[in-house]
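# Topology and contacts: notes
Spelled out, the chains give:
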Amino acid sequence: MKNALVPSRTGSWYEATARERISGLLDAGTFHEFLGPTARAVSPHLALFDLPEAFDDGIIVGRGKLQGRAVLVAAQEGRFMGGTFGEVHGAKLVGLLRYARDHHAEATSPRAVLLLLDTGGVRLQEANVGELAVSEIIRALVEARAAGVAVIALVGGRAGAFGGGGILAACCSRVVISEQGRTSVSGPEVIETNMGAEEFDSLDRPLVWRTTGGKTRRLLGGAGAYAADRIESFRAAALALLDGGIPAFDLATLAREQARLAERLEKFGACQDAPEIWQRMRLADAARIADLADEDFNQIAQAQPEANHDAR
Amino acid sequence: METLFIQRDAAQRAPGKSPHALVGVVASGNLEVLLERVLDGVRCEVHVKTPAAGFGEVWRAVIEDFIERHAPGGLRISINDCGARPDTVSLRLAQGVRLMTMEASE
Amino acid sequence: MSEWQSQRLARQARLEAGAILAVGGGKLVAAGDATALLEAVLRPGDRVCLEGDNQKQADFLAAALVKADRARLHDLHIVQSGVTLPEHLDLFAKGIATRLDFSYSGPQSGAIARALNSGKIQLGAIHTYLELFARYFIDLTPHAALIAAVSADRAGNLYTGPNTEDTPTIVEATAFKNGIVVAQVNQVVDRVPRVDIPGDRVDFVIAAPKPFFVEPLFTRDPAQITDTQILIAMLALKGIYAEYGVQRLNHGIGFGTAAIELLLPTFGEALGLKGKVATHWALNPHPTLIPAIESGWVQQIHCFGSEVGMDEYLRARPDIFFTGNDGSLRSNRAFCQTAGLYACDMFIGSTLQIDLAGNSSTVTPTRIPGFGGAPNMGSDAHGRRHASAAWLKAGREASDGPAAMTRGRKLVVQLLETFGEGMTPTFVEELASVEFAKKMRLEVVPVMIYGDDVTHVVTEEGIANLLLCRTPAEREQAIRGVAGFTAVGRARDRAQVAKLRARGIIRRPEDLGINPLDANRQLLAARSVKDLVQWSGGLYAPPGKFRNW
């Protein structure tokens, strides 16, 4: 029988805790945590609301190795307050990205940051500082990319990557996503609250997934790689992206990205629901995309021009 | 939030070399347990923060049973609870002691 | 005219009153005339079965009856197994119905408690399914049955679809005792796929504007199964399934039994139990049983009803399930309950509360969910005469009498987590239903399973084998001894509990060679609904609320 505490590469990403994801993602025994739980860098705000704190404020940051290469890594714990950005939570990520920006020149320096996003966005109880934190993170992320560091988002947790997390994913050099993963800015409940259930029924789970879920994001080019829901699959996808070359963060890339998005809007902007997009893409299994097995889906995605591009 | 502090002498020092370990998540019905090998001898301290008021007696029973069964001498254990039931608390404590016996990761 | 014909004559008069609304002298009545039809064929004070099964609901006819004119229809006596729709209670609020005999209230358990409290309902009794069905033929025979089916032909032959459930029983009791049978159907067709109810038992047919409602009651998402439930499932498999060699059984519908179903192809396989236990079932088509079926554990399953999304899977597995010549599942609640009572060696399920004698109940101060079928399955059948190894072993453990006269016992196992939602203890000194019965002036305290039928209590702390207890005091300490950190558990006599453990009456995980740290979700054959779909080869089509893809 397997020991639950030994991180398993074959284990589910969706089910794993943030710590389990890091342990299974990196080379065994290589992870070194910055400002770990014994430092007790907890939120200064939650106690005011009489809410439980977490010793790491729901995010783990540190360095380690991925197939021998030095990387920095941050993992949000989506089950602690929805993986939300609070003041300390945000500061830890800002610090990590600035470290990447400032320490990438030496031979042994990490040249990549892996962001294991699992977040509903800004923490309600720390709204102002949380919003500021997201802005600082975006700036730090962009500066790290401009300095030549690859920033790769890995999305496949319960909370997805919403709000500021959705924006962060969009700012990354590359995104890996699984079927369970979701990215967007406004979450389904937010859209329903503001626009009504006729516009978007947040309880219609197939609708939620075919709008924001991993398969849709991959086919539209919102994610550069699709992983099965296993830690080893995310590891392999992240490695492949690093090996495949990371786009330079310059004007030419941004112009290409802009052109790509404009073209996408023109082609699919009138579509009411994801299956219409699949039909316009002339996908053979347009009606069955949601039911396709991971390998079959990956083949379709890899052959799809809209899903593959060199912009970002 | 209610805070509880329980300290007892265990039968022996906790096995393993890890200086600290964290297990569990602060999520509804769950808890996180931070174990630190910082105390002398066989003393074991448990600090609990819990949002569920009025369960001090149950916590005491769960923790005393844990110290009796697992002999976590030398450990300071800090718990951030989020309404976990006793069976979950017992499980996390046992997982934490087992984790302390594994290779330190740094 | 002989006085022996009065019921038949009354039926004739009702039929004639209804026939005015029938299209072209046949049995079909327009949906818009539904209320008028019910006003024509029902009489004040009638006993009415408004089909509300565990799953299938005659929801259109229920809504039509609520709209009836109270001057024409009042004081109805509702006799139906499930009171689960808001409309069912509206009948009482409006005074159309005043008396109620039922089995199960599910989602209306709070509303029914309030209605009882306010005096809107005169309650006859809360029954088990078989008990209510039995009374349909003795003293609660319906004057009218308002039923639901998938399709009808013009002669009134009905196809119920996979959710046949209670329909044959209700129709039998009504149609053969001068009653009126009205069916709502999803569609009228030239030829039904199979005849579940022959047309000569059906008087009127209405094509409802919407298909009847079916709730997916038996789908447990594997993603929600906890490590504690897995530990309890491991204890049950090793300490009970393996020990007694239980082949014929019924499972409850909780997460604990779902965990057992998902452990069969993994932990069960490792214990070498395949083919030796859990081969023949009285069970609804639980999606969580798919991995065990696909791994060759299961030989045969008879179902009370169907389950939403399982139809194509069932159609593709006729070796396992009962199906009609049309290919679809044929379920039957009365027969399956009987099978669970007489032909199964074990019932295993959960409850909300259990007391020191092992009596259990799902009643809380504000909810009365009724019994459904658990007490039929979870009781020793004193009429049973055939032997099986599991039944005999249980009987021998319970008896000190002469071996020659030893009779067997049904294994009745309670799978319990010591605390429920919100730190509510499962183990209590007194069931909430005792106080409830006093308040409601019920003649019988609602007890789901009586303690004297319970043979084992399994919690995360261990197994208490009540068969081996010889005195009420031993039973009490055996139950306290697995009650964990609840007040009941903490008040145990430690010395007595240690003695019971030495006698094997209480068995801890370590006594069974199980390390609680090994109980984790990696052991589940499927960890998500998506995994179940894959196990089924894409045949299982889960409803949207269970999808995250």
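One structure accompanies this document, and this report is about it. (Residues numbered from 1 in each chain as written. Chains lettered and ligands numbered in written order. Predicted model: local features only at pLDDT ≥ 70, side-chain atom pairs only at ≥ 80, totals over all residues.)

## Here's the deal with the overall build of chain B
- For chain B, the count of helices and strands is 2 helices and 5 strands.
- Here chain B has a C-alpha radius of gyration of 13 Å; the compact-globule value for 106 residues is 13 Å, and the two agree.
- The dimensions of chain B, computed from C-alpha atoms along their principal axes, are 35 × 25 × 20 Å.
- Nonlocal contacts in chain B, meaning residues at least 24 apart in sequence, comprise 87% of its contacts between residues at least 6 apart. (Helix = DSSP H or I, 4+ residues; strand = E, 2+ residues; numbered from the N terminus. Rg over C-alpha atoms; globule rule 2.2 N^0.38 Å. Contact = placed C-beta atoms within 7 Å.)

## Side note on the interface of chain C and chain B
- Contacts between chain C and chain B engage 12 residues on the former and 13 residues on the latter.
- The residue inventory of the side of chain C that touches chain B, partitioned by class, reads 5 nonpolar, 3 polar and 4 charged. (Nonpolar A, V, L, I, M, F, W, Y, C, P; charged D, E, K, R; others polar.)

## Digging into the packing of helix 2 (residues 87-102) of chain A against helix 3 (residues 127-146) of chain A
Residue and element names in this part refer to chain A.
- In contact at an axis separation of 9 Å, helix 2 and helix 3 are set at 10° when each is read in the N-to-C sense. Judged by the angle between their axes, helix 2 and helix 3 are roughly parallel. Viewed along their axes, helix 2 and helix 3 form a crossing whose handedness is left-handed. Judged by residue contacts, E87, G90, A91, L93, V94, L97, R98, A100 and R101 of helix 2 engage V129, G130, A133, V134, E136, I137, A140, L141, E143 and A144 from helix 3.
- Residues that form the contact of helix 2 with helix 3 fall into these classes: 12 nonpolar, 2 polar and 5 charged. (Axes fitted to C-alpha atoms, helices over the stretch in contact; angles between N-to-C directions. Parallel < 35°, antiparallel > 145°, perpendicular 65-115°, else oblique. Left-handed = near helix turned anticlockwise from the far one by under 90°.)

## Points about the nonpolar core
- With 169 residues, the main nonpolar core has L65, A236 and L263 of chain C as its most contacted residues.
- For this core, the element with the highest residue contribution is helix 8 (residues 227-244) of chain C, accounting for 11 residues.
- Other than its neighbours up to four places away in sequence, A236 of chain C contacts Y241, I260, I348, V413, L415 and V458 of chain C.
- Ranked by size, the runner-up nonpolar core spans 71 residues in total, among them W13, Y14, V88 and I177 of chain A. (Core = buried A, V, L, I, M, F, W, Y, C linked by C-beta atoms within 7 Å. Buried ≥ 20, exposed ≤ 12 C-beta atoms within 10 Å, placed from the backbone.)

## Brief notes about helix 6 (residues 129-136) of chain C
Residues and elements named next belong to chain C.
- For helix 6, every residue scored as buried is listed here: Y129, L130, L132, F133 and Y136. Taken down its axis, helix 6 places every buried residue within 165° of arc, on the same side.
- In the core, the buried residues of helix 6 are packed alongside strand 5 (97-102), helix 7 (167-175), helix 12 (333-342) and helix 13 (374-377). (Arc of directions from axis to C-beta.)

## Comments concerning the sheet that holds strand 18 (residues 411-415) of chain C
All names here are of chain C.
- The sheet built from 8 strands is open, its strands ordered 14-13-12-15-18-19-20-21 with mixed pairing. Bordering the open sheet on either side are strand 14 (300-302) and strand 21 (506-507), each of which pairs with just one other strand.
- Where strand 15 (residues 346-349) and strand 18 come together, 4 bridges link them in parallel fashion. Each residue of the ladder has a partner; that of M346, found in strand 18, is L411. (Pairing = 2+ DSSP bridges.)

## Describing the interface of chain A and chain B
- Facing the 16 residues of chain A at the interface are 20 residues of chain B.
- Residues belonging to the side of chain A that touches chain B are distributed by class as follows: 7 nonpolar, 4 polar and 5 charged.

## Description of the sheet that holds strand 2 (residues 20-24) of chain B
Residues and elements named next belong to chain B.
- Judged by pairing direction, the sheet is mixed, and its 5 strands sit side by side in the order 1-4-5-3-2 without closing on themselves. The sheet is open, and its two borders are formed by strand 1 (2-9) and strand 2, each paired with just one other strand. In this sheet, neighbouring strand axes are inclined to one another by 15° on average, regardless of whether the strands run parallel or antiparallel.
- Note: strand 3 (residues 30-37) against strand 5 (residues 75-82), 8 bridges, orientation antiparallel. Considered in strand 5, the bridge of L34 is made with S78.
- Sheet strands touched by helix 2 (residues 86-100): strand 2 and strand 3. Its angle to strand 3, the strand with the most contacts, is close to 35°.

## Some thoughts on the pairing of strand 4 (residues 76-79) of chain C
Residues and elements named next belong to chain C.
- Bridge count for strand 2 (residues 47-50) against strand 4 is 2 bridges, and the pairing is parallel. Note that in strand 4 the partner of V48 across the bridge is I78.
- With 4 bridges joining them, strand 4 and strand 5 adopt parallel strand pairing. Each residue of the ladder has a partner; that of H77, found in strand 5, is R99.
- Once the chain exits strand 4 it traverses helix 4 (residues 86-93) before rejoining the sheet at strand 5, and the crossover so formed is right-handed. (Right-handed = clockwise from strand over helix to strand, strands pointing away.)

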